[in-house]
Amino acid sequence: MADSALTPAETSALLRSALAVITAEGAALPEAELAWRPAPGEWCVKEVLGHLIEAERRGFAGRIRIILASDTPALETWDQDEVARSRRDHERSWSELLGEFTRMREESVPLARGLQAADLSRAGRHPKVGLLRVSDLLHEWVHHDRNHIRQMMANVQARAWSHMGNAQRFSRPD
């Protein structure tokens, strides 16, 4: 059924596929393109990957581990922009960032796959959004990955746009 919840196995497969897409896209781009920002204040591809690393650690796998270890624990917030600034990912090599993300994701895939039905209803309390169930976090994780993959792709599209000449007309509505 198309509107049914993702299972832990489906979620883990989608987490793995996101890693494959990010790996392939990054491998196709030169280092300078990975550090290019489409506008002031926007993240380059490397910074997007740094955000995904922190989201994995603090937001998804991290929160799921906290929830599984305690009964309705308090969950912490984090300043994503401040963390991104302090990480300085635009100065790091893609291979270093990808290695960090890959190691984390390879630990997260079995975490997601191994969740049992009783685990999915366990929850923590977030100060901004309230009760978060493990199943909520799994679905957000899949959504979040794709949102930021789309952001990475948009950076590449923006970089190509100005060099398209009259071919831009194919992409503009009439």
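What counts and how
Residues numbered from 1 in each chain as written. Predicted model: local features only at pLDDT ≥ 70, side-chain atom pairs only at ≥ 80, totals over all residues. Heavy atoms only, no water. Helix = DSSP H or I, 4+ residues; strand = E, 2+ residues; numbered from the N terminus. Buried < 20%, exposed > 50% of the residue type's maximum accessible area, 1.4 Å probe, protein only. Areas by Shrake-Rupley, 256 points an atom, 1.4 Å probe, with all protein chains shown as cover. Lys, Arg positive; Asp, Glu negative; His and termini not counted. Charge placed at Lys NZ, Arg CZ, Asp CG, Glu CD. Salt bridge = Lys/Arg side-chain N within 4 Å of Asp/Glu carboxyl O. Expected span 1.5 Å × (residues − 1). Contact = heavy atoms within 4.5 Å. Pairing = 2+ DSSP bridges.

Draft legend 1. Main features of the overall build of the protein. Across its full length, the protein carries seven helices and two strands. Sequence-ordered secondary structure for the protein, helices as α and strands as β, is α-α-α-α-α-α-β-β-α. Here the C-alpha coordinates of the protein stretch approximately 60 × 40 × 30 Å along the principal axes. Per-residue burial over the protein gives 42% buried out of 174 residues. Of the roughly 9,800 Å² that the protein leaves accessible, carbon and sulfur atoms contribute 54%. Computing the positive centroid from 23 side-chain charges and the negative centroid from 25, the protein places the two 1 Å apart.

Draft legend 2. A look at the pattern of salt bridges. By the definition in use, this model includes 17 salt bridges. Here Arg58 ties to Glu54 by a salt bridge, and the two come within 2.6 Å at their closest N and O atoms. Of this pair, Arg58 and Glu54 both sit in helix α3 (residues 45-69), four residues apart, which is roughly one turn of the helix. As a salt-bridge pair, Arg87 and Asp89 come within 2.7 Å of each other at their nearest N and O atoms. Classification of Arg87 as buried rests on a relative accessible area of 15%. Looking at Asp89, the relative accessible area reads 1%, which means it is buried. Here the residues in one salt-bridge network are Glu54, Arg57, Arg58, Arg87, Asp89, Arg92, Glu96 and Glu100, joined through shared partners.

Draft legend 3. Just helix α7 (residues 134-161), in detail. With 28 residues, α7 extends 40 Å between its outermost C-alpha atoms, agreeing within 8% with the 40 Å of an ideal straight helix rising 1.5 Å per residue. Every buried residue of α7 is accounted for by Val134, Ser135, Leu137, Leu138, Trp141, Val142, His144, Asp145, His148, Ile149, Met152 and Asn155. Looking at the buried residues of α7, the elements they touch are α1 (8-28), α3, α5 (94-113), α6 (117-120) and β2 (130-133).

Draft legend 4. Representation of unusual backbone geometry in the model. Despite not being glycine, Thr72 has its phi angle at roughly 45 degrees, a positive value. Within the fold, Thr72 resides in the loop between α3 and α4 (80-87). Here Thr72 falls in the partly exposed class, since its relative accessible area comes to 40%. Phi is positive for Arg88, close to 55 degrees, though the residue is something other than glycine. For Arg88, the position within the fold is in the loop between α4 and α5. By relative accessible area, which is 42% here, Arg88 ends up partly exposed.

Draft legend 5. Seen up close, the pairing of β2. Pairing analysis gives four bridges linking strand β1 (residues 123-126) to β2, with the strands arranged antiparallel. Opposite Ala123, over in β2, you have Arg133 as the bridge partner. Taken together, β1 and the strand that follows it, β2, pair antiparallel across an intervening segment of three residues.

Everything listed is a geometric property; what it means functionally is a separate question.
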